[in-house]
Amino acid sequence: MIGIVNYGAGNIFSLTAALDRVGISYGMIDKLDEFNDYDRIIIPGVGHAGAAMHKLEETGLVQHIISLKKPVLGICVGMQLLTSFSEEGNAELLDIVPLKTLHFDKRIGKKVPHMGWNGVSPKKDCPLFENIADNSYFYFVHSYFIEADEQYTSAFCTYDVVFSAAIKKGNFYGVQFHPEKSGKVGEQILLNFSRL
């Protein structure tokens, strides 16, 4: 069963609708002892990474999230929170994955935000992308991106620059795209996570 960290910075409705579609049971985590009710955790997030981090800190759940040993999936801003720092609000984040979240602005010639469908190239060994073909298209909406890195990037995407479409460190996973809005391949990501 999946627990969704409910800290006021996620578009939870579309995520729960996707989990319902594929028959994955879930519940909300509002306080510390509720982590024990679930064997996998999702950190959602839309909007401003600095503001999302502030909201997460207000819950008092940060230290517990960092110490989790069960599978954790950050989605969109939830993925960015796993990194060490974001240029959005010059915010210190959870620092689970030692990468930076950077602004597309002044780094690319294309329109910002990066919005719409784009192909993703996963590494062969990432269990989150099992049964998903190389260059499958996922739905993105973001102005900030996580730098690409051979050690921690588990799937790459290109939008003038190559960036992390997904990251992994130990039991922590993150996806920049919205699996809940990415049709069958997005649903496969959620199914794969539920089976980790």
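Just so it is clear, the model here is predicted, and its values are computed rather than measured. (Residues numbered from 1 in each chain as written. Predicted model: local features only at pLDDT ≥ 70, side-chain atom pairs only at ≥ 80, totals over all residues. Heavy atoms only, no water.)

Draft legend 1. Fine view of the UniProt feature "active site" (unreviewed entry) in the chain. Under the present numbering, the feature "active site" (unreviewed entry) in UniProt falls on Cys76, His178 and Glu180. What stands out for the annotated residues spanning 105 residues is how close their C-alpha atoms remain, the widest pair being 10.9 Å apart. Take His178: its relative accessible area is 5%, and that puts it in the buried class. The residues touching His178, leaving out its near neighbours within four places in the chain, are Val46, Ile75, Cys76, Tyr139 and Val141. A distance of 2.8 Å separates polar atoms of two side chains, one belonging to His178 and the other to Glu180. Relative to the helices and strands, Glu180 resides in the loop between strand E13 (172–175) and helix H5 (183–194). On the basis of relative accessible area, Glu180 is assigned to the buried category, the value being 7%. Not counting residues within four places of it along the chain, the set of residues in contact with Glu180 comprises Ser14, Leu15, Ala18, Arg21 and Ile75. (UniProt positions renumbered as here; feature names shortened; annotations may be inferred. Buried < 20%, exposed > 50% of the residue type's maximum accessible area, 1.4 Å probe, protein only. Contact = heavy atoms within 4.5 Å. Polar contact = N/O pair within 3.5 Å; in protein donor to acceptor, adjacent residues only side chain to side chain. Helix = DSSP H or I, 4+ residues; strand = E, 2+ residues; numbered from the N terminus.)

Draft legend 2. Examining the UniProt feature "domain: Glutamine amidotransferase" (unreviewed entry) in the chain more closely. What UniProt calls "domain: Glutamine amidotransferase" (unreviewed entry) maps, in this numbering, to residues 34–191. A distance of 22 Å separates the end C-alpha atoms of residues 34–191, which is 18% helix and 38% strand.

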